[in-house]
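Understanding the architecture of this molecule
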Amino acid sequence: MNTETEMKELVRQKYSEIALQDKETNQASCCGSGCCTTEVYHIMNDDYSTLEGYNPDADLGLGCGLPTQFAKINKGDVVIDLGSGAGNDCFVARAETGETGKVIGIDFTDAMINKARQNAEKLGFNNVEFRFGDIEHMPVTAGVADVVVSNCVLNLVPNKDAVIKDIFRVLKPGGHFSISDVVLVGNLPVNLKNKAEMYAGCVAGAIQKEEYLGLIKANGFTDITVQKEKAIVIPDDILTQYLDEAEMALLKKGDTGIFSVTVFAQKPAAKTCCGPDCCN
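Residues numbered from 1 in each chain as written. Predicted model: local features only at pLDDT ≥ 70, side-chain atom pairs only at ≥ 80, totals over all residues. Heavy atoms only, no water.

The subject of this paragraph is the confidence of the model for the protein. Summing up the model confidence of the protein, the mean pLDDT is 81 and the portion of residues at 70 or higher is 76%. Throughout residues 27–42 the model reports pLDDT below 50, and contacts reaching past four residues in sequence, or to other chains, amount to 44 contacts. Within the model, the stretch residues 199–204 combines pLDDT values under 50 with 28 contacts to residues more than four positions away or in other chains. (pLDDT = per-residue confidence, 0-100. Contact = heavy atoms within 4.5 Å.)

With that settled, consider helix α6 (residues 160–170). For α6, every residue scored as buried is listed here: K160, A162, V163, I164, D166, I167 and V170. In this structure, the buried side of α6 is in contact with β1 (78–82), β4 (145–151), β5 (171–185), β6 (207–208) and α8 (209–218). (Buried < 20%, exposed > 50% of the residue type's maximum accessible area, 1.4 Å probe, protein only. Helix = DSSP H or I, 4+ residues; strand = E, 2+ residues; numbered from the N terminus.)

For N127, the position within the fold is in the loop between α5 (110–123) and β3 (128–132). Using a relative accessible area of 8% as the deciding quantity, one classes N127 as buried. At a separation of 3.1 Å, a polar atom in the side chain of N127 contacts the side chain of R94. Engagement of the side chain of N127 in a polar contact is seen with the backbone oxygen of G101, the distance being 3.1 Å. (Polar contact = N/O pair within 3.5 Å; in protein donor to acceptor, adjacent residues only side chain to side chain.)

What follows is about the pattern of salt bridges. Evaluated as defined, the whole model comprises six salt bridges. When the shortest N-O distance is used, the salt bridge between D146 and K172 registers 3.3 Å. Of the two residues, D146 sits in strand β4 while K172 sits in strand β5, which places them 26 residues apart along the sequence. Across the pair K209 and E229 runs a salt bridge whose closest N-O atoms are separated by 2.7 Å. On the criterion of sequence distance, the pair formed by K209 in helix α8 and E229 in strand β7 (residues 222–231) is long-range, its members being 20 residues apart. According to the relative accessible area criterion, K209 is buried, its value standing at 17%. Here the salt bridges do not stand alone but share partners, grouping K102, E129 and R131 into one network. (Salt bridge = Lys/Arg side-chain N within 4 Å of Asp/Glu carboxyl O.)

Attention now goes to the pairing of β5. Summarising burial for β5: 11 of the 15 residues are buried, a large majority. With six bridges connecting them, β4 and β5 associate as parallel partners. The residue bridging V148 from the neighbouring strand is F177, located in β5. Traced from β4 through α6 to β5, the parallel crossover comes out right-handed. Here 10 bridges tie β5 to strand β8 (residues 257–266), and the two strands are oriented antiparallel to one another. (Pairing = 2+ DSSP bridges. Right-handed = clockwise from strand over helix to strand, strands pointing away.)

Printed below as a string of structure tokens:
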């Protein structure tokens, strides 16, 4: 993939295919369970089934964490889910925000939007909606969200800086996000890099962890915290195709490789004027 447009189209096509499959079939796909081993399904995905609001019809097994569990959602909050897929995180968020809140899912795949809307209709939720759009330019008014969540999506987007800027835009002052994503630590072996990126984000591009956190800070967010981190273990039947024994041993030490991180960050609260000169 040589351009952002080509990379995004690759992702759109792949996730359109996944939206039309059931979870069991997805376990045999490159973005679901993987092309080479039945173990790949367990590389990134965490178990949602114990969370309130979980709906198995909306769980396609595509995440790399549980951002909604860490998102500090309160009753009545407005929550935006980036790359909402079939609606899994939206329905978990709805259990937290309750009937007085609102959840907006954004996805750029028509098939996913349709699947999510069908799931919401089955559940009878009138305060969960799904909007078609790019997460770099969300179809949302500025300053409306209390919380933004996302699960294993930013690694699929070539222009991550634009996404983070738009998260800042849509959040209310004092609002925050909790995002699970895939990042790299250290220099992966060249022979593995392209294949590893396929499992990290379907070839669409995980970046270095420090670069990822640096983008968040550079865009004005504060209280940046890694809430959870886990190594993504690539099965040996993939590694042996690309690495020798020494390279495999180095990768398995865990200080170099692919990681799932759940990151929290806050948009600074608006300043309150208390006198004639305080806002100057």
